Amino acid sequence: MAEGLLFDTVGKILEVLASQIFHEIGLAYGVQDDISNLRDTVDTIQAVLLDAEDKHSRKDHAVTIWLRRLKDAVYAAEDLLDDFSTEFLRRKLMSGSRVTKEVLLFFSKYNQFAYALEMGRKIKAIRERLESIKNDRQFHLLQQPYERRVENTRRETHSFVHKEDIIGRDGDKNEIIDRLLDSSESEIESVAVIPIVGIGGLGKTAVAQLVYNDEDVKTHFNLRMWVCVSDIFDVTTIVEKMIRSATNRESEKLDLDQLQERLRGEIDGKRYLLVLDDVWNENRDKWLELEALLMNGVSGSKIVVTTRSERVARITSKLPFHALRGLPEDMSWSLFTRMAFEQGSEPKDSKLVQIGKDVVGKCAGVPLAIRTIGRLLYYNNTETYWLHFRDDELSKVPQEESDILPKLKLSYDHLPSPLKQCFAYCALFPKDYLIVKEQLVLLWMAQGFLGLSIDNQCPEDVGHEYFMSLLSRSFFQDAEYDEWGNIIRCKIHDLMHDLAESVAGTECAKVKLDARNVNERTHHISCVSGFDSSLEFPTALLRAKNLRTFLSTVYSSSDRQLNESYCNKIVSSFKCLRTLNLSNSEIETVPSLIGKLKHLRYFNLSHNADIKSLPDSVSRLLNLQTLDLSCCDDLVELPRDIGKMVSLRHLAIESCLSLTDMPNGLGQLTNLRTLPLFMVGRKTQLSQLNGLNKLRGSLRIENLGEKQNSRLANLEAKEGLQSLVLQWDANKTVIYIDDALLEGLKPHQNLKELTIIRFGGIRLSSWLSSVTNLTMIDISICIKCQYIPELDQLPSLKRLRLFKLSALEYISSSSPPSTTIFPSLEELRIFACPELKGWWRTDGSTTQTAEPPFSHPLQQTMMRTTNTAEPPFSKLKSLTIESIDDLETWPEEMMPNFPSIQNISIELCPKLISLPQRLNKATTLKTVGIYDCPNMAILPEGLQLQSLEIIQCPQLSERCGNNMAVDWPKIAHIPNIRIDNDLIQLGDAIN
């Protein structure tokens, strides 16, 4: 049982009993005294729970048995109270509907009286059950009524360790790199395998990542692949992952013979590096089966294997393995200092330093233990606490060097209860699973783990704080970020995963088809293997009669096919479900019984392409918070009574390609936080968005064009939106209507990304230049647009894309500014704008200049701002020139003004003959791509590039296509060259 879970669940029951809705229930049904008595009983139980859970964690068997009985009763009480609040909410909604015979019967005096009697009887019964358990114990428990809350961390956003912060592994990194670059080991094995061996938590993966991303390694190997293997050594899965890593895209479902052909095609003739991370397989035959598929690489190809097992190392390689040891004392102290002290520096308090060094000495140089214990002490940084931790807690932990789990358990023991249950729930995920942060928070919310904070934050924000707190304490790692700096994904270290499984016990179970590890005390399961609908439903699952989570974590849809019978069995058997994930399971219909799951909070049907509609009973799910229908390609409509789903907060419908309209009741869902798509249709007015002011993240409004008051969408009040797409229906565009529509769709100042597609007006609204937090603007296929407001002063704008603006003559209709323009712009793409004459419309002139259409705007910009403190485009990293029919030459004088340029792409410029010679002075330039430029014949000499790609440029292909070509000496030093889809050169330069 997950320690802390029961304390928090009991706390949540107390919150419910004290809530406004139960005050109303008490008055409506005359059960105030019953509710009050139950609250008193639960309150006295909570007072001793922290001591009971502490004794349970110390293996007090009698307390553990008592807690199990109590947990069953507490869950039953929670379900009962949820029943009452749901029924009360349903009756309130029905009282507002039209009066029918059914409604009159429902609200008859007899019906009300009978229900009140039943409610009172059930409340008394659950209170008596709890009282009996409370009094039936032969041990003393101390009252500890208060429990520390989750605090906002002082340096929360910076406390976790990035890869570049890895300490003390430079020697290991360099030694392995030397072996990778050394050709002599390939004389022993055609593809040399270098195992990295060490106990859990030492940082084997971190060292492999340092090696994998080293610039010398990147240059030396033509192809690099990373595969996380983990517990199950399945050759087909490993080959699929190799292909995915090599091509950076998902492969279609193939059998092993087809996969090995694909793999051979990827590695044939290339010197590759393959990292197989976290290998446990000790079956030599399985290894040999995989090894046989890896022999097509050229001599010098290498494989790095990370493992805890020396036996694995001996099976996979004839070469000596690299033994990873604990960090030396000085490096261990340096890491601890970063984790445990303010500003990451050693304090002046010599006593605290000495205690810290004593603690570090017991961590055996294991970085994971040092990090987690360091973070624990960081949040409790008094000498008294540190002494207590060193002398009373750490001293009792077994000190075997190979067993680090008990030390990690200490950090878990000191978590606040809400964090304990949130972390324990992660035991449902397979090892090495890439956890999506937003989804994890919604799963926590569905289970009621996210109580309201003192300042009444919404549960999503509370979940964010919980996540960040666990991340900062090193319970999560490998955080990935989006372009706005938000964390989107993470992983859990293997040892931390072991810890989660240990503390969750039978509460959480990862099940396969036989479901042998499920019992009556299991409340949360995840399916880690596919369903086989040809077999009978696994009856062992039915032992978990009070199941609250049914979660699928299998990636491949072909392994998750569910027939209607399976779905009906799941829905009919588990009435207490809070979370149901049937994503990617290839179901065509959703059981109508779904409406009976009145406790359901999270329902995921994403990636089921054949679902066309949902049963009407879905709208009975009054507690549903999250409905995920994303990538349901054939879904043509949403539930027509969606307005009744008053608890809905997240409606994920991105990539629902067949949706053409929104149901009328959508505007009633004023708690919505997520609505990625809004289709303006025959029945749908923009006014439905008016009250949805809690929306966050991304919103895409499609099919604009009908005349209506767009100000009623009230976008300016939606301060949580970060990305907005406005897309017109090309068949409905009318100039004056579109101009008015866009004017009324002004967003809030917080918006970061704006995309406008198929706008049919002449003038883009002036508000574009006033949304000062914009980092990206994309204006596409606006063929009548002639005027764009001033964008060059937007302080945060990093990406600007103008595509197919057929009537645009000037990018800005005003005179050039005297201040620095585009102070943050990093990426500029202007293409298919055939009438473009210049950047600014100066002196009212509309005379066509002699310069080519594309080059003149840039030249004009340079000339107007050469005297400013910072030149224009000083931060520009990526430049794309595309579909400029009249561009013949690129002016030499432009290149020195791109001091940060890294990537240049030139596409579909049929008259372009050459590039400026000054490109060879661009020291930051790494990549040049030239596509469909038939007259391009000359490349500058001395280009200092990492990559050159030439596609459909016949003259260049002839002059540069091989080492006998006339211009080959100009490019021979470039490491990576692709000409007409042929890999001419990869990796080392050919001199």
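No experiment lies behind these values; they were computed from the predicted model shown.

1. Notes on the overall build of the chain
Stage number 1. Within the chain, the secondary structure is distributed over 27 helices and 32 strands.
Stage number 2. Looking at the chain as a whole, 54% of its 991 residues are labelled buried.
Stage number 3. When contacts within the chain are restricted to residue pairs at least 6 apart in sequence, those whose partners lie at least 24 apart make up 64%.
Stage number 4. Accessible area for the chain stands at about 42,300 Å²; split by element, carbon and sulfur atoms hold 47% of it.

2. Overview of the side chain of S230
Stage number 1. Along the polypeptide, S230 turns up in strand β2 (residues 223-230).
Stage number 2. Residue class for S230 comes out buried when judged on its relative accessible area of 6%.
Stage number 3. A polar contact of 3.0 Å, which involves the side chain of S230, links it to the side chain of D432.
Stage number 4. Excluding residues that lie within four positions of it along the chain, S230 makes contacts with D277, D278, W280, K431 and D432.

3. Let's talk about helix α11 (residues 256-267)
Side chains of residues three or four places apart in an α-helix project in the same direction, reflecting 3.6 residues per turn.
Stage number 1. The end-to-end C-alpha distance of α11 is 16 Å, a good match for the 16 Å that twelve residues give at a rise of 1.5 Å each.
Stage number 2. Within α11 the residues assigned to the buried category are L259, Q260, L263, E266 and I267. Buried residues of α11, viewed axially, fall in a sector of 120°; they line one side. Exposed side of α11, more than 90 degrees from the buried face: D257 and G265 are the residues found there.
Stage number 3. One side-chain oxygen at the N-terminal end of α11 lies 3.2 Å from the backbone nitrogen of D257; it belongs to D255.
Stage number 4. G269 lies just past α11 and shows a positive phi near 75°.

4. Concerning the confidence of the model for the chain
Stage number 1. Summary statistics for the chain give a mean pLDDT of 84 and a share of 87% for residues scoring 70 or more.
Stage number 2. Within the chain, no element has a lower average pLDDT than helix α5 (residues 101-106), which sits at 46, and none a higher one than strand β16 (residues 626-628), at 98.
Stage number 3. Every residue in residues 844-855 is under pLDDT 50, and counting partners more than four places away or in other chains gives 22 contacts.
Stage number 4. Confidence drops under pLDDT 50 across residues 861-867; counting only partners more than four residues distant or on other chains, this segment forms 13 contacts.

5. Some words on unusual backbone geometry
Stage number 1. With a phi angle near 60°, H607 is a residue other than glycine that sits in the positive phi range.
Stage number 2. Positionally, H607 belongs in the loop between β15 (602-604) and β16.
Stage number 3. Phi is positive for D932, which is not a glycine, with a value near 55°.
Stage number 4. Note on placement: D932 falls in the loop between β29 (927-931) and β30 (947-951).

6. Some words on the sheet that holds β2
Stage number 1. Ordered in space as β2-β3-β4-β1-β5, the five strands form an open sheet in which the pairing is parallel. Two strands bound the open sheet, and with one partner strand each, they are β2 and β5 (322-323).
Stage number 2. The pairing of strand β1 (residues 192-197) with β5 spans two bridges and is classified as parallel. Counted as the bridge partner of I196 is H322 from β5.
Stage number 3. Where helix α8 (residues 204-212) meets the sheet, its contacts fall on β1, β2, β3 (272-279) and β4 (302-307), and the angle it forms with β2 comes to roughly 170°.

7. Digging into the packing of helix α10 (residues 235-247) against α11
Stage number 1. Contact geometry of α10 with α11 gives a least axis separation of 10 Å together with a crossing angle of 35°. Of the two possible hands of crossing, α10 and α11 adopt the one that is left-handed. Along its contact with α10, which presents V235, T236, V239, E240, M242, I243, A246 and T247, the element α11 presents L256, L259, R262, L263 and E266.
Stage number 2. Looking at the contact of α10 with α11 residue by residue, the classes come out as eight nonpolar, two polar and three charged.

8. A few points about the pattern of salt bridges
Stage number 1. Following the criterion strictly, the structure yields 37 salt bridges and no others.
Stage number 2. Ionic contacts of the salt-bridge type, sharing partners, join the residues K12, E78, D79, R548 and R578 into one network.

9. Overview of the state of the cysteines
Stage number 1. Taken as a whole and assessed by the stated rule, the structure comprises zero disulfides.
Stage number 2. Free of any disulfide, C426 has its nearest cysteine sulfur in C490, 7.5 Å distant.
Stage number 3. Judged by its relative accessible area of 0%, C426 falls in the buried class.
Stage number 4. Summary of cysteine pairing: C785 is not part of a disulfide, and the nearest cysteine sulfur, belonging to C782, is at 5.9 Å.
Stage number 5. Given a relative accessible area of 0%, C785 falls into the buried group.

10. Some thoughts on the packing of aromatic side chains
Stage number 1. Under the defined criterion, the tally for this structure stands at 15 aromatic pairs.
Stage number 2. Where Y212 meets W226, the ring centres are 5.3 Å apart and the plane angle is 80°; that geometry is what we call edge-to-face. Residue Y212 is located in helix α8, and its partner W226 is located in strand β2; the two are separated by 14 residues in the primary sequence.
Stage number 3. Site record: aromatic cluster; members linked through ring pairs are W333, F336, F341 and W386.
Stage number 4. When the ring centre of Y212 is taken as reference, the NZ or CZ atom of R224 above it lies at 4.5 Å.
Stage number 5. The lysine or arginine in question, K357, covers the ring of W333, its NZ or CZ lying 5.3 Å from the ring centre.

11. Some details on a negative patch on the surface
Stage number 1. Together, E586, E588, D610 and D633 make up a negatively charged patch on the protein surface.
Stage number 2. Within the secondary structure, D610 is located in the loop between β15 and β16.

12. A word on the packing of helix α15 (residues 350-361) against helix α17 (residues 383-393)
Stage number 1. For the pair α15 and α17, the least separation of the axes is 10 Å and the interaxial angle reads 25°. By the angle between their axes, α15 is roughly parallel relative to α17. Relative to α17, the crossing made by α15 is left-handed. Seen from α15, the contacting residues are K351, L352, I355, G356, D358 and V359; seen from α17, they are E383, W386, L387, F389 and R390.
Stage number 2. Tallied by class, the residues present in the contact of α15 with α17 amount to six nonpolar, one polar and four charged.

Calculation rules
- Think of each chain on its own: its residues are numbered from 1, step by step along the sequence as written.
- Totals for whole chains, interfaces and linings use every residue, but because this is a predicted model, local features are given only for residues with pLDDT of at least 70 and side-chain atom pairs only at 80 or more, for both listing and counting.
- With hydrogens and water set aside, each side-chain value is computed from the structure's full complement of heavy atoms.
- Secondary structure is summarised from DSSP: a helix means a run of H or I of at least four residues, a strand means a run of E of at least two, and numbering begins at the N terminus for each.
- Exposed residues in this analysis have more than 50% of their type's maximum accessible area, buried residues have under 20%, and partly exposed residues fall in between, with area computed by a 1.4 Å probe over protein chains only.
- What makes two residues a contact is simply this: any of their non-hydrogen atoms within 4.5 Å.
- Computed with a 1.4 Å probe, the accessible areas rest on the Shrake-Rupley method; for each residue, only the protein chains presented here act as cover.
- N or O atoms within 3.5 Å of each other form a polar contact, as long as, within protein, one can give a hydrogen and the other can take it, and as long as residues adjacent in sequence are counted only when both atoms are side-chain atoms.
- Working rule for helices: expected span equals 1.5 Å times residues minus one.
- Within this analysis, the arc is defined by the directions that extend from the helix axis to the C-beta atoms.
- Confidence of the prediction at every residue is given by pLDDT, a number between 0 and 100.
- What makes two strands pair is DSSP finding at least two bridges between them.
- Here, axes are lines fitted to C-alpha atoms. For helices the fit covers the stretch in contact, and angles between N-to-C directions go from 0 to 180 degrees.
- By convention, the crossing between two helices is left-handed when the near helix turns anticlockwise from the far helix through less than a right angle, and right-handed when the turn is clockwise.
- In the scheme used here, Gly and all other residues not listed as nonpolar or charged are polar, with Ala, Val, Leu, Ile, Met, Phe, Trp, Tyr, Cys and Pro taken as nonpolar and Asp, Glu, Lys and Arg as charged.
- Salt bridge, as applied in this entry: a Lys or Arg side-chain nitrogen positioned within 4 Å of an Asp or Glu carboxyl oxygen.
- Disulfides are defined as pairs of cysteine sulfur atoms found within 2.5 Å of each other.
- Note on ring pairs: Phe, Tyr and Trp rings are taken, using the six-membered ring of Trp, and paired if centres are within 6.5 Å. Classes follow the plane angle, with under 30 degrees stacked, over 60 edge-to-face and the rest tilted.
- Think of it as a cone above the ring: NZ of Lys or CZ of Arg counts as a charge over the ring if it is within 6 Å of the ring centre and within 35 degrees of the ring normal.
- Each patch groups residues whose relative accessible area exceeds 30% and which form no salt bridge, using 9 Å between like charges and 5 Å between nonpolar side chains of Val, Leu, Ile, Met, Phe, Trp and Tyr.
- Under the convention used here, Asp and Glu are negative, Lys and Arg are positive, and both His and the chain ends fall outside the count.
- Note that the charge is assigned to NZ on lysines, CZ on arginines, CG on aspartates and CD on glutamates.
- These descriptions rest on fixed angle ranges, namely under 35 degrees for roughly parallel, over 145 for roughly antiparallel, 65 to 115 for roughly perpendicular, and the rest for oblique.

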